[in-house]
Amino acid sequence: NCSGNGIYGGTQSNLTIENCMIEDFEIGVRLLDGTNNTVTNNTLKRNSEAGVAIDSSGSTISSNTFISNGNKGLDIGGTGNTVSNNTFTDGGCGS
């Protein structure tokens, strides 16, 4: 029904989200104010606002597949983040 967060990391640091299928939420993965988080090798599908919304520093978003996410596939803020080898299909591809 596209509401809420699939995975909410809040202000956690050193969190790894890996090998998940996250679909049909408002935001697939939401991370705020933490550091050194990793989001890798996930499929984020049909999330109405964003596949991943992250506002942290020193985090890595890599090798994810974003499919048909609403406004943005990836909404990223903060500094020193690394984004690599992600695939975006039928939806927003950045902020």
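Keep in mind it's a predicted model, so treat the numbers as computed, not measured.

**Student:** Before we go on, may I ask you to explain the pattern of salt bridges in this structure?
**Tutor:** Pairs can form between side chains of opposite charge once their charged atoms are near each other. In the structure shown here, the tally under the stated rule is three salt bridges. When the shortest N-O distance is used, the salt bridge between Arg46 and Asp24 registers 2.9 Å. You can see Arg46 sitting in the loop between strand 6 (43-45) and strand 7 (50-57) and its partner Asp24 sitting in the loop between strand 3 (21-23) and strand 4 (27-35), a full 22 residues away along the chain. For Asp75, the salt bridge is made with Lys72, and the minimal N-O distance between the two is 3.8 Å.

**Student:** Explain the nonpolar core to me, please; I cannot follow it from the model alone.
**Tutor:** Most often, soluble globular proteins keep nonpolar side chains buried together rather than apart. Judged by nonpolar contacts, Ile17, Ile22, Val29, Leu31, Val39, Leu44, Val52, Ile54, Ile61, Phe66 and Leu74 together constitute the single largest core of 11 residues. Of all the elements in the fold, those that place two or more residues in this core are strand 4 and strand 7. For Ile54, the residues in contact, after removing those within four places along its chain, are Leu31, Ser59, Ile61, Asp75, Ile76 and Gly77.

**Student:** Is there a simple way to think about the side chain of Asn86 in this case?
**Tutor:** If you trace the backbone, Asn86 turns up in the loop between strand 11 (82-84) and strand 12 (87-89). A relative accessible area of 16% places Asn86 in the buried class. Here Ile61 takes part through its backbone oxygen, which lies 3.0 Å from a polar atom of the side chain of Asn86. Beyond its immediate chain neighbours, meaning those up to four positions away, Asn86 contacts Ile61, Ser62, Ser63, Asn64 and Phe66.

**Student:** Is there a simple way to explain the packing of aromatic side chains in this structure?
**Tutor:** The way to describe two aromatic rings as a pair is by their centre distance and the angle between their planes. In the structure shown here, the tally under the stated rule is one aromatic pair. Ring geometry for Phe66 against Phe88: centres 4.5 Å apart, planes inclined by 10°, an arrangement best described as stacked. With Phe66 in strand 9 (residues 65-67) and Phe88 in strand 12, this pair connects stretches of sequence that are 22 residues apart.

What counts and what doesn't
The written sequence of each chain sets the order in which its residues are numbered from 1. Owing to the predicted nature of the model, reporting of local features is limited to residues with pLDDT of at least 70; listing and counting of side-chain atom pairs is limited to 80 or more, with chain, interface and lining totals taken over all residues. With hydrogens and water set aside, each side-chain value is computed from the structure's full complement of heavy atoms. Every case where a carboxyl oxygen of Asp or Glu lies within 4 Å of a side-chain nitrogen of Lys or Arg is listed as a salt bridge. Elements are defined by DSSP. Helices are runs of H or I of four residues or more, strands are runs of E of two residues or more, and each kind is numbered from the N terminus. Residues grouped as a nonpolar core are buried Ala, Val, Leu, Ile, Met, Phe, Trp, Tyr and Cys residues, joined through side-chain atoms within 4.5 Å. Throughout, exposure labels follow a simple rule: accessible area from a 1.4 Å probe, protein chains only, divided by the maximum for the residue type, with under 20% read as buried, over 50% as exposed, and the rest as partly exposed. Residue contacts follow a heavy-atom distance rule, with two residues in contact if any of their heavy atoms lie within 4.5 Å. Here a polar contact means two N or O atoms within 3.5 Å. Within protein one must be a hydrogen donor candidate and the other an acceptor candidate, and residues neighboring in sequence count only if both atoms are side-chain atoms. The aromatic pairing rule takes the rings of Phe, Tyr and Trp, using the six-membered ring of Trp, and pairs them if the centres are within 6.5 Å, calling planes under 30 degrees apart stacked, those over 60 edge-to-face and the rest tilted.

Keep in mind these numbers describe shape, not what the thing actually does.
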